[in-house]
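So you can see what is in the structure, the chains are spelled out below.
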Amino acid sequence: MARHLLTSGVRQVNIFSRDEAKQDQMRRAFNDERVRFFLGDVRDADSVRAAVTGADFVFHAAALKQVPSCEFFPQQAVKTNVVGSHNVIETAAAAGVRSLVCLSTDKAVYPVNAMGMSKALMEKTAQAFARNNPTSEMTVSITRYGNVMYSRGSVIPAFVSQVRAGEPMIVTEPTMTRFLMSLAESVDLVEHAFFHANPGDLFVKKAPASTVDTLARAVAGLFSDGEADLRVIGTRHGEKLHETLLSREEMMQAEDQGDYFKVPLDARGLQYEKYFSEGAGGVPQAQDYASDNTERLDIAATQALLRTLPEVDEELARR
Ligand SMILES: O=c1ccn([C@@H]2O[C@H](COP(=O)(O)OP(=O)(O)O[C@H]3O[C@H](CO)[C@@H](O)[C@H](O)[C@H]3O)[C@@H](O)[C@H]2O)c(=O)[nH]1
């Protein structure tokens, strides 16, 4: 995101995070005076204030995001993903930020794990801010992602290194499906939200999906000449068989924007009797938008998608 912003000619990019070592790596990689680094933690509102003061746009991606670890430490997920997000929203609004995009996940829909539950509450916190502060200068919006391919700690780099080492590929449940998005597409989604959001809007990018079995075989086919060697270990703590980017109820409200769906804020107040109208009738036809009913990629199509990733090209060049 920062790289993308710098090429688009912004005046300054503030990067706020907890990890000084990673900041040091980024400082060297960017080597650009327009990038400023702020150490802190979203749990500490004072540290957030320094980073958002003077900013026009804020992109909030700070989170505990690993499903299994949040199952063991749910309070930590609440502190960072819920309380921390509240701190970011309130602090950014007070500092005069014009637009804040909060990153969420398909795991926030019908959540079954602590990570998804905490992200669902982050979404509610952002929507409640929009509903309760109609005169705020700041537009807060939400983007919901499926799996971002090759993101740190995710399954694709793990599969690549297992194949390269000649080790079996560790597969949880072969029939599990996941939406697949590239990092470039996830940057586009945030940009789309920055430019098109009304307060409280939620955006998703339409995306295809594959089973984990297909994904593993696609990686094996790209990085080895032999048969895929899969070791099935079963579902991990808190994992779902399929993910949902939009619930049926959200699909009923969603606006189809081509590559994106936008779900507008339900801005009604608590006095529901004001909204009574006769004759709504009928059962609205809508389905969840889920990884088991979106476009399904086979091995060849998954490989074609993987080949569009710069990380995969770099790895293949090292073969
Ligand atoms: O060694 C492994 C690790 C994972 N999986 C499976 O691969 C898929 C993807 O797993 P992973 O890359 O760990 O991603 P998720 O657990 O689906 O979660 C990621 O994708 C979410 C969006 O769905 C984000 O919200 C999370 O932050 C991010 O960690 C899942 O079906 C896993 O069960 C394996 O088969 N073997």
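Structure: see above.
Read on for an overview of the structure. Not measured: the values here are computed from a predicted model.

## Structural notes on unusual backbone geometry
Among all residues save glycine, negative phi is the norm, and among peptide bonds the norm is trans.
Argument step 1. Within the chain, Asn-31 stands out as a residue other than glycine whose phi angle is a positive 45°.
Argument step 2. Within the secondary structure, Asn-31 is located in the loop between α2 (20-30) and β2 (35-39).
Argument step 3. Positive phi outside glycine occurs at Tyr-110, with the angle close to 40°.
Argument step 4. Tracing the chain through its elements places Tyr-110 in the loop between β4 (99-105) and α6 (114-132).

## Looking at the site of the ligand
Argument step 1. Surveying the vicinity of the ligand reveals 18 residues, the closest of which are Asp-106, Asn-147, Ile-170, Thr-172 and Glu-239.
Argument step 2. Ile-170 places a polar main-chain atom, nitrogen or oxygen, 2.7 Å from a nitrogen atom of the ligand.
Argument step 3. Contributing elements (two or more residues each) for the shell around the ligand: α7 (155-164) and β7 (169-171).
Argument step 4. Looking at side-chain class alone, the shell around the ligand contains seven nonpolar, five polar and six charged residues.

## Some points on the sheet that holds strand β8 (residues 177-181)
Argument step 1. Judged by pairing direction, the sheet is mixed, and its three strands sit side by side in the order β6-β8-β10 without closing on themselves. The sheet is open, and its two edges are formed by β6 (147-148) and β10 (209-211), each paired on a single side.

## What about the pattern of salt bridges?
Argument step 1. Per the stated rule, a full pass over the model turns up 19 salt bridges.
Argument step 2. Among the ionic pairs, Asp-32 bridges to Arg-34, the shortest N-O distance being 2.9 Å.
Argument step 3. Exposure remark for Asp-32: the relative accessible area of 24% places this residue in the partly exposed category.
Argument step 4. With a shortest N-O distance of 2.5 Å, Arg-49 and Asp-46 are connected by a salt bridge. With Arg-49 and Asp-46 both in helix α3 (residues 45-52) and three residues apart, the pair spans about one turn of that helix.
Argument step 5. Here Asp-46 falls in the exposed class, since its relative accessible area comes to 53%.
Argument step 6. Overlapping salt bridges bring together Asp-24, Arg-27 and Arg-28 as one network.

## Things to note about the pairing of strand β14 (residues 260-263)
Argument step 1. Here β14 shows a buried face lined by Tyr-260 and Lys-262 and a second buried face lined by Phe-261 and Val-263.
Argument step 2. Here strand β9 (residues 202-205) runs beside β14; their pairing, made up of four bridges, is antiparallel. When the bridges of β14 are listed, Lys-205 appears paired with Tyr-260.
Argument step 3. Note: strand β13 (residues 255-256) against β14, two bridges, orientation antiparallel. Bridge pairing in β14 places Glu-255 opposite Lys-262.

## Re the packing of aromatic side chains
Argument step 1. Applying the stated criterion across every chain, the model contains three aromatic pairs.
Argument step 2. Ring centres of Phe-179 and Tyr-289 lie 5.4 Å apart, and the angle between their planes is 45°; this geometry places the pair in the tilted category. Highlighted residues: Phe-179 in strand β8 and Tyr-289 in strand β15 (residues 289-290), separated in sequence by 110 residues.
Argument step 3. With a relative accessible area of 0%, Phe-179 lands in the buried category.
Argument step 4. According to the relative accessible area criterion, Tyr-289 is buried, its value standing at 11%.
Argument step 5. Among the aromatic residues, those joined into a cluster by ring pairs are Phe-179, Phe-261 and Tyr-289.
Argument step 6. Its guanidinium or amino end placed over the ring of Phe-261, Lys-206 lies 4.7 Å from that ring's centre, counting from NZ or CZ.

Conventions and cut-offs
Residues numbered from 1 in each chain as written. Predicted model: local features only at pLDDT ≥ 70, side-chain atom pairs only at ≥ 80, totals over all residues. Heavy atoms only, no water. Helix = DSSP H or I, 4+ residues; strand = E, 2+ residues; numbered from the N terminus. Near = heavy atom within 4 Å. Polar contact = N/O pair within 3.5 Å; in protein donor to acceptor, adjacent residues only side chain to side chain. Nonpolar A, V, L, I, M, F, W, Y, C, P; charged D, E, K, R; others polar. Pairing = 2+ DSSP bridges. Salt bridge = Lys/Arg side-chain N within 4 Å of Asp/Glu carboxyl O. Buried < 20%, exposed > 50% of the residue type's maximum accessible area, 1.4 Å probe, protein only. Phe/Tyr/Trp six-rings, centres within 6.5 Å; stacked < 30°, edge-to-face > 60°. Lys NZ or Arg CZ within 6 Å of the ring centre and 35° of its normal.

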